[in-house]
Structure formats: C-alpha cells, structure tokens
Amino acid sequence: MHVHINIPRVAEDVLRQEWGDLDQAATEALLIESYRAGKISIGFLAETLSVNRWEAEQWLGRHGVTWNYSLEDLESDRQTLAERA
C-alpha cells in the first residue's frame, strides 16, 4: 500500500534537504504519532520496523518518545512472569 502526500514543490525541496528520504521520514512520523496517541502497540511498532521489542523501545527513545506503559501493564507483566516461574 502506498500513501501519497501532496505538498507544494518548494516545501518538498526544503523538507528533502532537512530529512532526505521523505517516504521514510513520513512513515516514522506517522508511527511515532500513532504510538503516542495509543493507536498502535509497541509490538505493532516493532513489527512494522522489522525489529524486536527492545530495539523498538530504543528507537522510540532516540526519537524522544516516552513509552506507553501503565501501572496495569506492569501488573500484567508481573503476573505473566510469576506464572512462568
């Protein structure tokens, strides 16, 4: 699937100078904002980037994004670990 964004040529030129590959930059921006808004999970993000969860967390950190990890998530992880022990 392809998504097209129509912007004036002058804007494209300026953005391309700043970001280089605009397709990649737009994809990353959409992923970041989707994760921040709680629309996608860290697992979905990792899968989309073709990395593991830890690498996805590092990628978010490099982009200044805090993780969507609630107290409920912590408790769920604790319960899962206890069940596996």
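Only a predicted model underlies this, so the values are computations on that prediction, with no experimental measurement involved.

Chemist: Go over the pattern of salt bridges, please, and point to the residues and values.
Modeler: Throughout the structure, instances matching the rule amount to six salt bridges. Glu12 serves as the salt-bridge partner of Arg9, at 3.1 Å between the closest nitrogen and oxygen. Taken together, the residues Arg9 and Glu12, both in helix α1 (residues 9-19) and three residues apart, mark about one turn of the helix. What makes Arg9 exposed here is its relative accessible area of 58%. Its salt-bridge partner being Arg9, residue Asp13 comes within 3.8 Å of it at the nearest N-O pair. Here the residue Asp13 and the residue Arg9 both occupy positions in helix α1, the gap between them amounting to four residues, near one helical turn. By sharing partners, the salt bridges in this structure join Arg9, Glu12, Asp13 and Arg16 into a single network.

Chemist: Quick rundown of helix α4 (residues 53-62)? Include the residues and the values.
Modeler: The complete set of buried residues in α4 reads Ala56, Glu57, Trp59 and Leu60. Buried residues of α4, viewed axially, fall in a sector of 160°; they line one side. Opposite the buried face of α4, at more than 90 degrees from it, the exposed residues are Trp54 and Arg62. Of the surrounding elements, those touching the buried residues of α4 are α2 (22-36) and α3 (42-49). You can read the cap of α4 off the contacts: a side-chain oxygen lies 3.0 Å from the backbone nitrogen of Trp54, and it is on Asn52.

The rules behind the values
- Residues numbered from 1 in each chain as written.
- Predicted model: local features only at pLDDT ≥ 70, side-chain atom pairs only at ≥ 80, totals over all residues.
- Heavy atoms only, no water.
- Salt bridge = Lys/Arg side-chain N within 4 Å of Asp/Glu carboxyl O.
- Helix = DSSP H or I, 4+ residues; strand = E, 2+ residues; numbered from the N terminus.
- Buried < 20%, exposed > 50% of the residue type's maximum accessible area, 1.4 Å probe, protein only.
- Arc of directions from axis to C-beta.
- Contact = heavy atoms within 4.5 Å.
- Polar contact = N/O pair within 3.5 Å; in protein donor to acceptor, adjacent residues only side chain to side chain.

Geometry only, nothing functional implied.
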